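Architecture and fold: a report
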Amino acid sequence: MLGAFRYLHPVNGNECSVVIGGDYITTESGTGLVHTAPGHGQEDYLTGLKYGLPIVSPVDDEGNFTAEAGQFSGLSVLGAGNAAVVKYLDEHVSLILEEPYKHKYPYDWRSKEPTIFRATEQWFASVDGFRDAALDAIKRVTWVPSQGENRIVNMISGRSDWCISRQRTWGVPIPVFYHVDTQEPLITEETIEHIKAIVSEKGSDAWWYMKTEELLPDKYRDKASEYRKGTDTMDVWFDSGSSWAAVSAKRDGLNFPADVYLEGSDQHRGWFQSSLLTSIATTGKAPYSSVITHGFVLDKDGLKMSKSVGNVVDPEKVILGGKDSKKEPPYGADVLRLWVSSVDYTGDVLIGSEILRQMSDMYRKLRGTMRFLLANLHDWNPENSVPYSDLPKIDQYALFQLENVVASMKDSYDNYQFYKIYQTLQRFAIVGLSNFYFDVAKDRLYVGGRVSYTRKSCQTVLAAHLLYLVRAIAPIMPHLAEDIWQNLPFEHTLEDGSVAKFAFDLKWPDKNEEWCSVQKDDVDFLSVILELRSEVNKILENARTGKLIGASLDAKVYLHAENPDTVSKLKELASATNDADALHRLFITSQVEILPSLSEETTSGVSYAGKFSDPRTGEIWIGVTRADGMKCERCWVYTKDVGSFGDHPTLCSRCHGVIDLQPQASPAAAAVA
């Protein structure tokens, strides 16, 4: 306090103290000399407590001056009352200057009116008694994202009291009675239990429509005229914060604590915190095992959506389409769900027409992948599955990749990182499968013959991919998953021997240890082959541009490596007895030859060449020429044996064998047909 400095109140003449305010008073904004009203603002209230100032709040529930305001009693604070005070000061020569100016002040978002702060009697819950227990419980909760833990720790550690009462015309009542004369509250275990029984039967509105004598227990009924019902309502955060008690802890099929609480990032000061405090205070543990927070959806330009601005993206229109189907096409629920999975929801996310178009393209590509699998399993019988040990190396490698991808997706699901699942689907199911395995599988599926070993082994792998991927996409795109399942060309039997009728009859696949058993050297080398294949394709494209070849099957590829181990492995693939593992099948060319050396003699006919380098294999030289031999009109592969078969002079030996193996219709059957 500044010594003996005093001033006279300009309206009532009371002698008042001059005090030093807090950091909220600065010389940068205004004069640094301000009025202090402890009854009308938190900062002023704290200053009043510090210096023992009287807490005066002459404003009623309607926003009008009370009798404490003397001649201004009954006038609206924000209307006639404000004008009357200014007039009084002016008439009594207490006003030096009056001028309008803009300054920051909180407004009510509903009424758009300035907020009036008042110091009133309230009900408080003290947090001091269980703050340490709450902070300890926070450590045992999984927070997604992890920084959410720091946010709620900072809020809880600095909190002492919780004001749980509100003065609203709606809400859950605080069941307290007040003595009419003394205003002393009546709240005992007996009154609470009595009201609890009434509310359980009739709902919380009973407090408002039942009489006081009906709400009081028998012990107090003869004194009912001495009491009145309280009109305070419970803080809505206390309402929602105690929902665990009415839901998780009581409903059949639910557990306490709940597995997950999910809400926006602003709820660390709201629902997450109030739920934690009510649960710790009454049960000693957190009401949730995990807490996930998300950002907010903004328009394509990063702006908050508003009906008045006209930038709202309506989920219903995204799903069903708008009046103009060209501008607002119906994307369906799965596309919207796919978009949700694609974004990092821990921050604010954008959505707009272009983003939805891109998502729709992604969805169609994924649908195309699944259609490829279904189409090539149209004649599949699970009984024809090829044992894992008999599969070609490329098929074992494909299953190894599938197992690792699905394990990665499961980990992402378990950690609620859905955007990683989206990225995996995009990289594996659309790009990886389509650009490699599906590409090289077409020859085995379409050319090798329906009963060939290589086709069956390929279908074994395709069936595994279909059954795994449909389960992986089901949580995000349930309609697509069910669409796939209803068009499944074979029956899938569950562990209990029953047939799965719906996609959601399936469980997440268990880890297949056999699929993970591929030797590391084989995995590494096949990974290198895929990278080498990309470089081969670049040189093939140059040859195509230079008119040397048309399709890649018109070409022969030459490879040369200095690393002996690399040479050995390349030769093994180039001469593989298993046609599926042959290098020319993996490159989709007609031939591949491994050169022992690079010389004028071995490379004289090579028009297009390049190099590939990898630390695991060393440098590999690549050359491309036209393929040797003649083109088979059935498989389009160039071989030297085309023309060797009198009955089919335009076929290669493989296709000739397939044609000879095709079942012939009997004369009787032909006649019936």
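Residues numbered from 1 in each chain as written. Predicted model: local features only at pLDDT ≥ 70, side-chain atom pairs only at ≥ 80, totals over all residues. Heavy atoms only, no water.

Going by what an unreviewed UniProt entry lists, the protein chain is known as isoleucine--tRNA ligase and is assigned to Aegilops tauschii subsp. strangulata. Word for word, the UniProt comment on the protein chain under Catalytic activity (unreviewed entry) is "tRNA(Ile) + L-isoleucine + ATP = L-isoleucyl-tRNA(Ile) + AMP + diphosphate". (UniProt positions renumbered as here; feature names shortened; annotations may be inferred.)

One finds Tyr437, Leu532, Leu559 and Leu570 to be the most contacted residues of the largest nonpolar core, which totals 101 residues. The element that contributes the greatest number of residues to this core is helix H16 (residues 418-446), accounting for 13 residues. Here this core spans two domains, and each of domain 3 (353-516) and domain 4 (526-628) adds at least three residues to it. When near neighbours in sequence (up to four residues on either side) are disregarded, Leu559 contacts Leu532, Leu570, Leu583, Phe587, Val592, Glu593, Ile594, Leu595, Ile620, Trp621 and Ile622. If you look at the next biggest cluster of nonpolar residues, it comprises 27 residues, including Val141, Ile152, Tyr178 and Leu277. (Core = buried A, V, L, I, M, F, W, Y, C linked by side-chain atoms within 4.5 Å. Buried < 20%, exposed > 50% of the residue type's maximum accessible area, 1.4 Å probe, protein only. Helix = DSSP H or I, 4+ residues; strand = E, 2+ residues; numbered from the N terminus. Domains from an automatic or database assignment. Contact = heavy atoms within 4.5 Å.)

Looking now at helix H3 (residues 131-139). Of the positions making up H3, those classed as buried are Arg131, Ala134, Leu135, Ala137 and Ile138. One side of H3 holds all its buried residues, which, seen down the axis, span an arc of 160°. Looking at H3, the residues exposed on the side facing more than 90 degrees away from the buried face are Asp132 and Lys139. Tucked inside the fold, the buried residues of H3 contact strand S4 (142-144), helix H4 (147-157) and helix H11 (271-283). (Arc of directions from axis to C-beta.)

The 4 strands are arranged S16-S15-S18-S17 in an open sheet whose pairing can be described as mixed. Edge positions in the sheet fall to strand S16 (591-594) and strand S17 (608-614), since each has one partner strand and no second. On average, each strand axis in the sheet is tilted by 25° relative to the strand beside it, whichever way the strands run. Judged from the 4 bridges that link them, strand S15 (residues 555-561) and S16 form a sheet pairing that is parallel. Along S16, the bridge assignment pairs Lys556 with Gln591. Lying over the sheet, helix H19 (residues 520-545) contacts S15, S17 and strand S18 (618-626), oriented at roughly 160° with respect to S17. (Pairing = 2+ DSSP bridges. Axes fitted to C-alpha atoms, helices over the stretch in contact; angles between N-to-C directions.)

This part is about the pattern of salt bridges. Taken as a whole and judged by the stated rule, the model has 28 salt bridges. Between Arg118 and Asp61 there is a salt bridge; the shortest N-O distance is 2.8 Å. With Arg118 in the loop between helix H2 (80-91) and strand S3 (124-126) and Asp61 in the loop between helix H1 (42-51) and H2, this residue pair connects regions lying 57 residues apart in the sequence. Of the residues examined, Arg118 reaches a relative accessible area of 29% and is grouped as partly exposed. Note that Asp565 is salt-bridged to Lys569, the shortest N-O span being 3.5 Å. With a gap of 4 residues between them, Asp565 and Lys569 both fall in helix H20 (residues 564-574), about one helical turn apart. For Asp565, a relative accessible area of 44% puts it in the partly exposed group. In the salt-bridge network here, residues are joined through shared partners; they are Asp443, Asp579, Arg585 and Arg654. (Salt bridge = Lys/Arg side-chain N within 4 Å of Asp/Glu carboxyl O.)

Attention now moves to the packing of aromatic side chains. Summed over all chains, the structure comprises 14 aromatic pairs. Seen from their ring centres, Tyr345 and Phe418 are 6.1 Å apart, and the 40° between their planes marks the pair as tilted. In this pair, Tyr345 is assigned in the loop between helix H13 (333-342) and strand S14 (349-350) and Phe418 in helix H16, connecting sequence segments 73 residues apart. On the basis of relative accessible area, Tyr345 is assigned to the buried category, the value being 14%. According to the relative accessible area criterion, Phe418 is partly exposed, its value standing at 27%. Grouped by ring-pair contacts, the aromatic residues Trp143, Tyr261, Trp271, Phe272 and Tyr288 constitute a single cluster. The aromatic ring of Trp636 is capped on one face by Lys631, whose charged end is 4.9 Å from the ring centroid. (Phe/Tyr/Trp six-rings, centres within 6.5 Å; stacked < 30°, edge-to-face > 60°. Lys NZ or Arg CZ within 6 Å of the ring centre and 35° of its normal.)

This paragraph deals with the pairing of strand S12 (residues 288-294). For a regular strand, side chains alternate in direction, first toward one face of the sheet and then toward the other. Among the 7 residues in S12, 5 count as buried, and that is most of the element. Pairing between strand S11 (residues 258-264) and S12: 6 bridges, direction parallel. Residue pairing for S12: Tyr261 is matched across the bridge by Val291. After leaving S11, the chain enters H11 and then returns to the sheet as S12, a path that is right-handed. (Right-handed = clockwise from strand over helix to strand, strands pointing away.)

With that settled, consider the state of the cysteines. Evaluated as defined, the whole model comprises 0 disulfides. Residue Cys632 stays outside any disulfide, its sulfur separated by 3.7 Å from that of Cys655, the closest cysteine. Residue Cys632 is classed as buried on the basis of its relative accessible area, which comes to 0%. (Disulfide = S-S within 2.5 Å.)

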